[in-house]
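Residue strings, one per chain:
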Amino acid sequence: MLSSFNEWFWQDRFWLPPNVTWTELEDRDGRVYPHPQDLLAALPLALVLLAMRLAFERRQVKPNATLEKHFLTEGHRPKEPQLSLLAAQCGLTLQQTQRWFRRRRNQDRPQLTKKFCEASWRFLFYLSSFVGGLSVLYHESWLWAPVMCWDRYPNQTLKPSLYWWYLLELGFYLSLLIRLPFDVKRKDFKEQVIHHFVAVILMTFSYSANLLRIGSLVLLLHDSSDYLLEACKMVNYMQYQQVCDALFLIFSFVFFYTRLVLFPTQILYTTYYESISNRGPFFGYYFFNGLLMLLQLLHVFWSCLILRMLYSFMKKGQMEKDIRSDVEESDSSEEAAAAQEPLQLKNGAAGGPRPAPTDGPRSRVAGRLTNRHTTAT
């Protein structure tokens, strides 16, 4: 039964253009073609990326009994004379002692710390993937003229650099799917699930059907804006307001141009029309274009969210801080954070006067920014 299903599933008419068979894509005479079984390597790669991410996101302070005792009994923010005394007792420098207390305080703010680590990990990957993908495709003709994606299709050989880049992207999105239930839940969680599934299916199908050229353009186009969004989130968590505002404007421009201009006019146009100029449509043509159209609908959904944020930004002149979340302290914010953090009373209420709100519901813009995630396919 399994053999019969396998034979039915891999029929030429599902995956390849008319009058093309799998035998034409067998390796011969030094010419190597993509094969579906190659993608099995993405599964262990996804597990490796998961392990790397867990190691990357671990931010526990180094145990220190003396400092921990002072933290729990004397207070979370010792003054400089106390810090100097504690540093001498522990054989640390004053800066190392300050850093220990800062990181120990941040451990009591797990939600924001987790968000920051998630954004940092995705920023690192998206930036590396974009730079790597650009170096792989820069000298390829189809990067500058998408119609070349269909030159001699499907008889296009596989280049090792393109294979490894594709495999890395697929492994990354598989790791995102595995990790998604444990990440911080955001307002667009359902859309993220759909997006990641579409991305994995698109990469798997495009590799198996030797649609690597057009698939690589889709990947590069999405990576070009994703790392900007993650950078914007990071500086927002670190409270660098002006940098966050500038990055958000740059990200918005790149996102709108790549997702709402280049994607429909270059990617969708060439897959819908130029791909069948010499060959008739087949099942894979409709399936692939259907997934791309679903991806475009997600682009429109996220564009509406960004436009709402831009509207609020234009009204108020800056992105508002997400004061509903705890503040993550950076290395350069020790003194500023000390002045801003109110004293905690025994009943959990914050001491000191509280200014009355003057601008309506708080944190509307940055709340959307910190709860929103756009990813590439």
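This structure is a prediction, so every number in the text was calculated from the model and none was measured. (Residues numbered from 1 in each chain as written. Predicted model: local features only at pLDDT ≥ 70, side-chain atom pairs only at ≥ 80, totals over all residues. Heavy atoms only, no water.)

1. Some details on the overall build of the protein chain
This is how the line gets drawn: The numbering of helices and of strands both runs from the N terminus, where a helix is a DSSP run of H or I of at least 4 residues and a strand a run of E of at least 2. To sort residues, take the accessible area from a 1.4 Å probe on protein chains only and compare it with the maximum for the residue type: under 20% means buried, over 50% means exposed, and anything in between is partly exposed. Note on contacts: a residue pair is in contact if any heavy atoms of the two residues lie within 4.5 Å. Residue exposure ignores everything except the shown protein chains as possible cover, and the areas themselves are Shrake-Rupley values with a 1.4 Å probe.
Looking only at helices and strands, one finds 15 helices and 0 strands in the protein chain. When the 377 residues of the protein chain are sorted by exposure, 48% land in the buried category. Pairs at least 24 residues apart make up 83% of the contacts formed inside the protein chain by residues separated by at least 6 positions. Split by element, the accessible area of the protein chain, about 19,700 Å² in all, is 63% carbon and sulfur.

2. Overview of the packing of aromatic side chains
Quick note on the threshold: When two rings of Phe, Tyr or Trp (its six-membered ring) have centres within 6.5 Å they constitute a pair, described as stacked for plane angles under 30 degrees, edge-to-face for angles over 60, and tilted for the intermediate range.
Counted under the stated rule, the structure contains 31 aromatic pairs. Ring geometry for Phe 5 versus Phe 9: centroids 5.8 Å apart, planes at 25°, classification stacked. Placement of both Phe 5 and Phe 9 in helix α1 (residues 2–9) is noted, with a separation of 4 residues, approximately one turn of the helix. Relative accessible area serves as the criterion here: at 31%, Phe 9 is assigned to the partly exposed category. Each ring, one from Phe 283 and one from Phe 287, has its centre 5.9 Å from the other, and the planes form 15°; the classification is stacked. Highlighted residues: Phe 283 and Phe 287, both in helix α13 (residues 283–316), separated by 4 residues, approximately one helical turn. Among the residues examined, Phe 283 registers a relative accessible area of 45% and is labelled partly exposed.

3. Here's the deal with the pattern of salt bridges
Quick reminder of the rule: By convention in these notes, a salt bridge is any Lys or Arg side-chain nitrogen within 4 Å of a carboxyl oxygen on Asp or Glu.
Evaluation of the coordinates by the stated rule reveals 5 salt bridges. Residues Glu 140 and Lys 159 are paired through a salt bridge, measuring 2.6 Å at the closest nitrogen-oxygen approach. With Glu 140 in the loop between α7 (110–137) and α8 (141–144) and Lys 159 in the loop between α8 and α9 (160–179), this pair connects stretches of sequence that are 19 residues apart. Glu 140 sits in the buried class, given a relative accessible area of 13%. Since its relative accessible area comes to 38%, Lys 159 is described here as partly exposed. Arg 152 serves as the salt-bridge partner of Asp 151, at 3.8 Å between the closest nitrogen and oxygen. Where salt bridges share partners, they join Arg 122, Glu 230 and Lys 233 into one cluster.

4. A word on a nonpolar patch on the surface
Test applied: Each patch is built from residues that are more than 30% exposed by relative accessible area and take part in no salt bridge. Like charges join if they lie within 9 Å; nonpolar side chains (Val, Leu, Ile, Met, Phe, Trp, Tyr) join within 5 Å.
A cluster of nonpolar residues, Phe 253, Tyr 257, Leu 260, Val 261 and Val 300, forms a patch on the protein surface that exposes about 450 Å² of accessible area. Looking at which element gives the most residues to the nonpolar patch, the answer is helix α12 (residues 241–272), with 4 residues. Within the element layout of this structure, Phe 253 appears in helix α12.

5. Things to note about unusual backbone geometry
The omega angle of the peptide bond from Tyr 153 to Pro 154 is 5°, so this bond is cis rather than trans. With respect to the helices, strands and loops of the structure, Pro 154 is situated in the loop between α8 and α9. With a phi close to 65°, Asn 19 is a non-glycine residue in the positive phi region. Position of Asn 19 among the secondary structure elements: in the loop between α2 (12–15) and α3 (42–57).

6. Overview of helix α11 (residues 212–237)
For clarity, the threshold we go by: Given a helix with a known number of residues, its expected span is that number minus one, times 1.5 Å. Throughout, the bend at a residue refers to the angle made by two axes, fitted to the seven residues ending there and to the seven starting there.
Helix length check: α11 (26 residues) gives 37 Å between terminal C-alpha atoms against 38 Å at 1.5 Å per residue, within 8%. Along its length, α11 reaches its greatest deviation from straightness, about 25°, at Asp 223. Gln 239 sits one or two residues past α11 and shows a positive phi near 70°.

7. Some words on the packing of α12 against α13
Keep this limit in mind: In this description, a line fitted to the C-alpha atoms serves as the axis of each element, helices being fitted only across the stretch in contact, and the angle between N-to-C directions of two axes falls anywhere from 0 to 180 degrees. Throughout, the term roughly parallel applies to angles under 35 degrees, roughly antiparallel to angles over 145, roughly perpendicular to angles from 65 to 115, and oblique to all others. Crossing handedness is read from the near helix: turned anticlockwise from the far helix by less than a right angle, it gives a left-handed crossing, and turned clockwise, a right-handed one. Throughout this entry, Asp, Glu, Lys and Arg are counted as charged residues, while Ala, Val, Leu, Ile, Met, Phe, Trp, Tyr, Cys and Pro are counted as nonpolar. The remaining residues, Gly among them, count as polar.
Packing of α12 against α13 leaves a shortest axis separation of 10 Å and a crossing angle of 155°. One element, α12, and the other, α13, form an angle in the roughly antiparallel class. The crossing of α12 and α13 is left-handed. Of the residues belonging to the contact of α12 with α13, the class tally is 23 nonpolar, 6 polar and 2 charged.

8. Some details on the environment of Gly 215
For Gly 215, the location among the structural elements is in helix α11. Sequence separation of Gly 215 and Cys 149 is 66 residues, and the distance between their C-alpha atoms is 9.4 Å.

9. Section: the confidence of the model for the protein chain
What counts, and what does not: What pLDDT reports is the predictor's confidence in each residue, on a scale of 0 through 100.
Per-residue confidence for the protein chain gives a mean pLDDT of 81; residues scoring 70 or more make up 80%. Across residues 321–377, confidence stays below pLDDT 50; counting only partners more than four residues off in sequence or on other chains, it has 135 contacts.

10. What to know about the side chain of Asp 223
Quick note on the threshold: We define a polar contact as two N or O atoms separated by no more than 3.5 Å, with the added condition that, inside protein, one atom must be a possible hydrogen donor and the other a possible acceptor, whereas residues neighbouring each other in sequence contribute only through side-chain atom pairs.
Topologically, Asp 223 is positioned in helix α11. A polar atom in the side chain of Asp 223 sits 2.8 Å from the side chain of Ser 129.

11. Here's the deal with the packing of α11 against α12
Helix packing geometry: the angle between the two helix axes and the distance between the axes. Across the interface, α11 lies against α12 with an axial gap of 9 Å and an inter-helix angle of 165°. The pairing of α11 with α12 is recorded here as roughly antiparallel in orientation. Crossing of α11 against α12: the hand is left-handed.

12. Side note on the side chain of Asn 210
When you line up the elements, Asn 210 lands in the loop between α10 (189–208) and α11. Asn 210 gets classed as buried once you look at its relative accessible area, which sits at 3%. Here Pro 154 takes part through its backbone oxygen, which lies 2.6 Å from a polar atom of the side chain of Asn 210. Not counting the four nearest positions on each side in its chain, Asn 210 is found in contact with Tyr 33, Pro 34, Tyr 153, Pro 154 and Gln 156.

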